[in-house]
Amino acid sequence: MAKRKLSAKASHIDAALDGKSEVSAARARGLGFDELRFTPATLPEVDFEAIDPSLELLGKRIAAPLMISPMTGGLKKGAILNRRMARAAEIVGLPFGVGSQRVALEVKGRAKDFQVRKWAPTIPLFANLGAVQLVKGYGVDHAQRAVEMIGADALYLHLNAMQEVVQEGGDTQWSGVLKAITALCEAFQKRGGVPVFAREVGFGVPADQARRLIDAGIQGIDCAGAGGTSWTLLEGRIARGTVHQNLGQTFAAWGLTTPESILEVRRAHQTVPLIASGGVRSGLDVAKAVALGATVAGMASPVLRAAIKSEGAVVKHLERTILELKVAMFGVGTRTLADFRRQPRLVLPVGSGISRDR
Ligand SMILES: Cc1cc2nc3c(=O)[nH]c(=O)nc-3n(C[C@H](O)[C@H](O)[C@H](O)COP(=O)(O)O)c2cc1C
């Protein structure tokens with residue numbers, strides 16, 4: 001089983017790189033970053049050089065509300081990419097998440113592909129496991145091993161039900177997952193373990209589901225929504241049989257977009273740490289995600305495209321993104337992230353029926 005997942009990981013990277021596995025928010029028929037605007041400050045009354053988007057996450061200072069979302073590990077190419085991304089994240093001062101560590105728990109010798117702490121000694125690192133594994137024999141000890149393997153500051157449990165159901169041979173038995181998450185969170189809290197975060201992979205988290213996760217003991221949510229990499233489309237593209245290829249097409253634009261997903265999670269809970277990934281493509285998108293209520297935004301496939309080139313390309317990409325965020329903060333006349341969160345001057349589309357405080 002782990003071997004099948006390993007070869008799937010390699011095809012995932014290739015299929016994410018060509019840009020053909022992305023679905024725009026427009027195709028998902030939902031609120032996209034492109035429909036949001038800021039009301040400019042004609043008089044910014046701020047020195048651009050003094051703008052500071054830094055913040056604290058998981059007890060550590062990070063340079064900006066941005067992270068590299070989890071993608072890879074468990075194969076040679078993945079190990080190289082993880083090293084490049086982790087080193088770049090450390091240079092710039094941003095958090096980094098490794099991809100699913102299941103293979104490292106099941107196949108001897110693969111843990112090293114994920115062990116990036118030596119290259120990233122100071123930044124927040126996220127461990128990663130699939131939540132569905134918790135009803136397939138994984139327990140607290142597996143989760144603890146994943147955390148210790150990389151010296152993580154938090155554990156991400158990914159919730160990728162729609163990806164699994166479209167994937168050929170995917171894990172489709174999801175009853176009991178919430179109960180298992182509750183047990184895991186309880187055990188982690190008792191042991192004084194790291195915070196457990198739940199994450200979607202690109203279909204969004206509505207308010208009712210966010211509430212259930214928070215009630216289960218989840219301490220942070222990545223509400224990854226539609227508008228970027230579509231894991232149904234991607235699985236359909238790499239499927240061998242027509243049944244799964246068709247499923248991928250039919251469900252390509254499933255779910256809530258990322259802006260909608262941010263609003264939904266904030267409707268459920270005002271203060272839970274909220275990471276927003278899925279279609280974040282610039283520092284302006286990061287600014288919009290934060291203005292909607294995200295704590296931090298996450299980028300996956302654009303960083304992967306840079307990482308394929310070099311560590312330097314990742315640094316450049318992250319620095320450009322932070323510069324764009326700072327320009328947006330300047331444009332609305334705010335110096336710190338706290339000022340920006342208080343007065344983002346965000347304009348929501350008229351007639352969308354959506355408001356930031358609903
Ligand atoms: C090649 C690739 C592999 C991924 N693998 C994982 C994974 O192992 N675990 C996980 O939680 N998310 C995984 N993701 C999902 C991303 O972290 C992210 O939530 C999603 O791709 C949406 O972001 P994007 O539109 O910026 O790509 C992966 C994404 C990519 C592109």
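Quick note: structure is the one above.
Remember, predicted model here, so these are calculated numbers, not experimental data.

Conventions and cut-offs
Residues numbered from 1 in each chain as written. Predicted model: local features only at pLDDT ≥ 70, side-chain atom pairs only at ≥ 80, totals over all residues. Heavy atoms only, no water. Buried < 20%, exposed > 50% of the residue type's maximum accessible area, 1.4 Å probe, protein only. Helix = DSSP H or I, 4+ residues; strand = E, 2+ residues; numbered from the N terminus. Pairing = 2+ DSSP bridges. Right-handed = clockwise from strand over helix to strand, strands pointing away. 1 Å grid on protein atoms, 1.4 Å probe; cavity = no way out; pocket = protein on both sides within 12 Å on 5 of 7 lines; lining within 4 Å. Points joined across faces, edges and corners; volume = space filled by probe spheres on them. Nonpolar A, V, L, I, M, F, W, Y, C, P; charged D, E, K, R; others polar. Core = buried A, V, L, I, M, F, W, Y, C linked by side-chain atoms within 4.5 Å. Contact = heavy atoms within 4.5 Å. Salt bridge = Lys/Arg side-chain N within 4 Å of Asp/Glu carboxyl O. Axes fitted to C-alpha atoms, helices over the stretch in contact; angles between N-to-C directions. Parallel < 35°, antiparallel > 145°, perpendicular 65-115°, else oblique. Left-handed = near helix turned anticlockwise from the far one by under 90°.

Draft legend 1. Layout of the pairing of strand 8 (residues 196–199). Covered by surrounding structure in strand 8 are Val196 and Ala198 together with Phe197 and Arg199, the residues of both alternating faces. Two elements, strand 7 (residues 154–158) and strand 8, share four bridges in a ladder whose sense is parallel. Pairing of leucine 157 across the sheet is with alanine 198, part of strand 8. For the crossover from strand 8 across helix 7 (residues 207–215) to strand 9 (residues 220–222), the handedness is right-handed.

Draft legend 2. Inspection of empty space enclosed by the protein at higher detail. Using the criterion set out here, one finds one cavity of 30 Å³ or more in the structure. Taken together, 43 residues make up the lining of the largest cavity; nearest its centre are Lys9, Pro70, Met71, Gln163 and Trp231. Those elements that place two or more of their residues in the lining of the largest cavity are helix 1 (2–17), helix 3 (102–106), strand 6 (125–130), helix 5 (161–166), strand 11 (296–299) and helix 12 (301–309). The element contributing the most residues to the lining of the largest cavity is helix 1, with six residues. Taken together, the residues that form the lining of the largest cavity break down as 14 nonpolar, 22 polar and seven charged.

Draft legend 3. Spatial organisation of the pairing of strand 6. Counting buried positions over the six residues of strand 6 gives six, a clear majority of the element. In terms of strand pairing, strand 5 (residues 96–97) meets strand 6 through two bridges, oriented parallel. Looking at the pairing, glycine 97 lines up with phenylalanine 126 of strand 6. When strand 6 meets strand 7, the two strands line up parallel, connected through five bridges. Each residue of the ladder has a partner; that of alanine 127, found in strand 7, is leucine 155. The parallel pair strand 6 and strand 7 is bridged by helix 4 (residues 140–150), and the resulting crossover is right-handed.

Draft legend 4. Looking closely at the nonpolar core. Of all hydrophobic cores here, the largest spans 111 residues; its most connected members are Ile68, Phe96, Leu155, Leu157, Ile181 and Phe340. No other element matches helix 13 (residues 311–331), which puts eight residues into this core. Not counting chain neighbours up to four residues away, the residues in contact with isoleucine 181 comprise Ala131, Leu134, Leu157, Leu159, Leu213, Ala216 and Ile218.

Draft legend 5. Spotlight on unusual backbone geometry. One non-glycine residue, arginine 29, lies in the positive phi region at around 55°. With respect to the helices and strands, the residue arginine 29 is situated in the loop between helix 1 and strand 1 (37–38). What makes arginine 29 exposed here is its relative accessible area of 80%.

Draft legend 6. Examining helix 11 (residues 283–292) more closely. Of all 10 residues in helix 11, nine are buried, a share of seventy percent or more. When we look at burial in helix 11, the residues that qualify are Gly283, Asp285, Val286, Ala287, Lys288, Ala289, Val290, Ala291 and Leu292. Following helix 11 by one or two positions, glycine 293 adopts a phi angle in the positive range, close to 130°.

Draft legend 7. Summary view of the pattern of salt bridges. Under the criterion given, the structure shown has 15 salt bridges. Between arginine 281 and glutamate 22 there is a salt bridge whose closest N-O contact spans 3.2 Å. Remark: glutamate 22 occurs in the loop between helix 1 and strand 1 and arginine 281 occurs in the loop between strand 10 (274–277) and helix 11; sequence separation between them is 259 residues. According to the relative accessible area criterion, arginine 281 is partly exposed, its value standing at 27%. Exposure remark for glutamate 22: the relative accessible area of 25% places this residue in the partly exposed category. Two residues, arginine 320 and glutamate 324, come together in a salt bridge whose shortest N-O distance is 3.6 Å. Placement of both arginine 320 and glutamate 324 in helix 13 is noted, with a separation of four residues, approximately one turn of the helix. For arginine 320, a relative accessible area of 45% puts it in the partly exposed group. Overall, the relative accessible area of 27% leaves glutamate 324 in the partly exposed class. It is possible to trace a salt-bridge network through shared partners that takes in Glu22, Arg281 and Arg305.

Draft legend 8. Spatial organisation of the packing of helix 11 against helix 13. Remark: helix 11 packs on helix 13, axes separated minimally by 7 Å, with the N-to-C direction vectors making an angle of 55°. When the axis of helix 11 is compared with that of helix 13, the two are oblique. Judged by the sense of rotation from one axis to the other, the crossing of helix 11 with helix 13 is right-handed. Along the contact surface, helix 11 presents Gly283, Leu284, Val286 and Ala287, while helix 13 presents Thr321, Glu324, Leu325 and Ala328. Among the residues making up the contact of helix 11 with helix 13, the classes are represented as five nonpolar, two polar and one charged.

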